[in-house]
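Here is what each chain is made of, one letter per residue.
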Amino acid sequence: MTHPYHPLFGQQFDLVMRGQNWHEDSAFFRGREGRLRSIPANWTDLVAEDPFNVVAAGRAALRTQELLDLARLVSALQP
């Protein structure tokens, strides 16, 4: 589990399968109680971390295009 805010962060589980769950790439595993559970695959090490996030290392919350989109939205909302 690689998502830093998930209560199971840092724990390892055996992957049962990977598939779509509610149109989202999901990882299925058995929890400590034996129940089948699923989480988004990008919360695990099954999906490589986004290169932008690796380089930004927490210093940038938004990409250039996202900032431009936000600026356009704010401009459109102003009287």
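Further up the page is the structure itself.
*Asks:* Describe the packing of aromatic side chains, and please don't skip the residues or the numbers.
*Replies:* The final tally for this structure, using the stated rule, is one aromatic pair. Summarising the aromatic geometry, the rings of Phe13 and Phe29 are spaced 4.7 Å apart at their centres and angled 45 degrees between planes, so their arrangement reads as tilted. On the criterion of sequence distance, the pair formed by Phe13 in the segment before β1 (15-21) and Phe29 in strand β2 (residues 24-30) is long-range, its members being 16 residues apart.

*Asks:* Got a sec to walk through the sheet that holds strand β3 (residues 36-40)? Specific residues and values, please.
*Replies:* Spatially, β1-β2-β3 is the arrangement adopted by the three strands of the open sheet, whose pairing is antiparallel. In this open sheet, the two edge strands, each paired with only one partner strand, are β1 and β3. Sheet twist, expressed as the mean angle between neighbouring strand axes with direction ignored, is 30 degrees. Of the strand pairs in this sheet, β2 and β3 are connected by five bridges, and their pairing is antiparallel. Bridging from a neighbouring strand, Ala27 pairs with Ile39 of β3.

*Asks:* How would you sum up a nonpolar patch on the surface? Please name residues and give values.
*Replies:* Where nonpolar side chains cluster on the molecular surface, the patch consists of Leu62, Leu67, Leu70, Leu73, Val74 and Leu77 and spans about 550 Å² of accessible area. Positionally, Leu62 belongs in the loop between α1 (51-56) and α2 (64-77).

*Asks:* Mind laying out the pattern of salt bridges, listing which residues take part and the relevant values?
*Replies:* Scanning all chains against the criterion turns up four salt bridges. Salt-bridge contacts for Arg18 lead to Asp25; the nearest nitrogen and oxygen are separated by 2.5 Å. On the basis of relative accessibility, which here comes to 40%, the residue Arg18 falls in the partly exposed class. Two residues, Arg63 and Asp50, come together in a salt bridge whose shortest N-O distance is 2.7 Å. Within this pair, whereas Arg63 is found in the loop between α1 and α2, its partner Asp50 is found in the loop between β3 and α1, the two being separated by 13 residues in sequence. In the salt-bridge network here, residues are joined through shared partners; they are Asp50, Arg63 and Glu66.

Criteria and cut-off values
Residues numbered from 1 in each chain as written. Predicted model: local features only at pLDDT ≥ 70, side-chain atom pairs only at ≥ 80, totals over all residues. Heavy atoms only, no water. Phe/Tyr/Trp six-rings, centres within 6.5 Å; stacked < 30°, edge-to-face > 60°. Helix = DSSP H or I, 4+ residues; strand = E, 2+ residues; numbered from the N terminus. Pairing = 2+ DSSP bridges. Axes fitted to C-alpha atoms, helices over the stretch in contact; angles between N-to-C directions. Patch = residues over 30% accessible without salt bridge, like charges linked within 9 Å, V, L, I, M, F, W, Y side chains within 5 Å. Areas by Shrake-Rupley, 256 points an atom, 1.4 Å probe, with all protein chains shown as cover. Salt bridge = Lys/Arg side-chain N within 4 Å of Asp/Glu carboxyl O. Buried < 20%, exposed > 50% of the residue type's maximum accessible area, 1.4 Å probe, protein only.

As far as function goes, none of this settles anything; it's purely spatial.
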